[in-house]
Amino acid sequence: GHHPIMFQIVVPLETSFDIDALVKLEGLENLGDLKIAPKAIRGAYIEEIQTHTMVLARLARALSGDFVHGVTTERLDAVLSAYLARRLARARSGG
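Residues numbered from 1 in each chain as written. Predicted model: local features only at pLDDT ≥ 70, side-chain atom pairs only at ≥ 80, totals over all residues. Heavy atoms only, no water.

(A) A look at the overall build of the protein chain. Helices and strands together make up the secondary structure of the protein chain, namely 3 helices and 4 strands. Against the 2.2 N^0.38 benchmark of 12 Å for 95 residues, the protein chain shows a C-alpha radius of gyration of 18 Å, more extended than a compact globule. Expressed as a percentage of the 95 residues in the protein chain, the buried residues total 19%. Intrachain contacts of the protein chain at a sequence separation of at least 6 include 59% that bridge at least 24 residues. By element, 59% of the accessible surface of the protein chain is carried by carbon and sulfur atoms, the whole surface being about 7,200 Å². Where the 11 positive side-chain charges of the protein chain centre and where its 11 negative ones centre are 9 Å apart. (Helix = DSSP H or I, 4+ residues; strand = E, 2+ residues; numbered from the N terminus. Rg over C-alpha atoms; globule rule 2.2 N^0.38 Å. Buried < 20%, exposed > 50% of the residue type's maximum accessible area, 1.4 Å probe, protein only. Contact = heavy atoms within 4.5 Å. Areas by Shrake-Rupley, 256 points an atom, 1.4 Å probe, with all protein chains shown as cover. Lys, Arg positive; Asp, Glu negative; His and termini not counted. Charge placed at Lys NZ, Arg CZ, Asp CG, Glu CD.)

Next up, the structure:
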């Protein structure tokens, strides 16, 4: 059978939303632009991104697969090696 693996690789800014200056968001499909003060929405944004990550992990499990979260500051070979070590340990323990 197949064993799907879902990778989520993010830049640190995506999880910290540590932005001080005003940000201009460009709307899709002619919705217009929106200027935001990141500090005003940081808490809600972080909560949303954490929820999104949990949903992805649940979806991977529902497909009998694995979810691997990585950050661009980590070396990809280290992320993959850690994942493969966990998978091997799980297989050896019968799980």
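Moving on from the coordinates now.
(B) Seen up close, the pattern of salt bridges. One pass over the full model with this rule turns up 5 salt bridges. For D33, the salt bridge is made with K24, and the minimal N-O distance between the two is 3.4 Å. Here D66 makes a salt bridge to R90, at a shortest N to O gap of 2.9 Å. Residue D66 is found in strand β4 (residues 66-71), and its partner R90 is found in helix α3 (residues 76-92); the two are separated by 24 residues along the sequence. (Salt bridge = Lys/Arg side-chain N within 4 Å of Asp/Glu carboxyl O.)

(C) Seen up close, α3. The end-to-end C-alpha distance of α3, which contains 17 residues, comes to 24 Å, matching closely the 24 Å that a straight helix rising 1.5 Å per residue would cover. Phi turns positive, to about 90 degrees, at G94, one or two residues after α3. (Expected span 1.5 Å × (residues − 1).)

(D) View of the packing of aromatic side chains. Scanning the model with the defined rule gives 2 aromatic pairs in all. Judged by centre distance (4.2 Å) and plane angle (25 degrees), the ring pair of F17 and Y45 falls under stacked. Of this pair, F17 sits in the loop between α1 (12-16) and β2 (23-26) while Y45 is found in helix α2 (residues 38-62), placing the two residues 28 residues apart along the sequence. For F17, a relative accessible area of 11% gives the class buried. (Phe/Tyr/Trp six-rings, centres within 6.5 Å; stacked < 30°, edge-to-face > 60°.)

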